[in-house]
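The chain contents come next:
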Amino acid sequence: NIATSLALSPNETEIALTGDTLGGVEWITALYDTTSGNRHWLVVAPEGTAARDVVMDEAKVYVTGLGNVGINSFLTVIAYDRVTGARLWRTDKKPADAGNAAGLRISMAPDGSLVATGQALRGFLDWYTVAFETTGTVRWEAVRDGGLNTDEVPAAVLVLPDGTSVVTG
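Residues numbered from 1 in each chain as written. Predicted model: local features only at pLDDT ≥ 70, side-chain atom pairs only at ≥ 80, totals over all residues. Heavy atoms only, no water.

For strand β3 (residues 27-33), a buried count of 5 out of 7 residues is recorded, marking the element as mostly surrounded by other parts of the structure. Of the pairings in the sheet, the one linking strand β2 (residues 14-20) to β3 comprises 7 bridges and is antiparallel in character. Paired with G19 across the two strands is I28, which belongs to β3. Counting the residues in the hairpin turn of β2 and β3 gives 6 residues, including G23, whose phi is positive at 75°. Sheet topology places β3 next to strand β4 (residues 39-45); 6 bridges connect them, and they run antiparallel. Its bridge partner lying in β4, L31 is registered against W41. Hairpin connection from β3 to β4: 5 residues lie between these consecutive antiparallel strands, with G37 at a positive phi of about 80°. (Buried < 20%, exposed > 50% of the residue type's maximum accessible area, 1.4 Å probe, protein only. Helix = DSSP H or I, 4+ residues; strand = E, 2+ residues; numbered from the N terminus. Pairing = 2+ DSSP bridges.)

The next thing to look at is the nonpolar core. Counting 15 residues, the largest nonpolar core has Y62, L75, V77, I106, L114 and F132 as the members making the most contacts within it. Residue assignment for this core shows that the elements contributing at least two residues are β7 (72-81), β9 (100-108), β10 (114-121) and β11 (125-132). For I106, the residues in contact, after removing those within four places along its chain, are D53, V54, V55, Y62, T64, V77, L114, V115, A116 and V157. Counting residues in each nonpolar core, the second largest holds 14 residues, with A16, L31, A51 and V61 among its members. (Core = buried A, V, L, I, M, F, W, Y, C linked by side-chain atoms within 4.5 Å. Contact = heavy atoms within 4.5 Å.)

Next up, the structure:
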């Protein structure tokens, strides 16, 4: 198993850890108590091939990565209940003209919404960024078309207080 990211809860009492099974099709997400180290819950689920990043608020843990539906891959975001670990929703996105997509990083905006960024395969790799409501509804999506540049892979995303999303890579 490979850990890919962790996030501290807003009240600093819990740590969410996410990752995947090397060569497998499972996402692994767990929530731990920061004082005792005890695990509250663990979810191992066939969501796709790579869980990449995690954030959390007072009620939910949100994970992004490479989700699979059949043979297609998507920028996927999953919300888990912070208390029980139950999956609340899953949203899969890729541009209409893309063969596949993958989520790489996720950030929480000041208003509580989410912005996930990754890549889309549209002949070449392009940056693909999607903003989500905390219900999984898509607020907006954008593709940065780099033309012939095949290595457009975002490394980080953050959201400024005015709602502007910043992606770098």
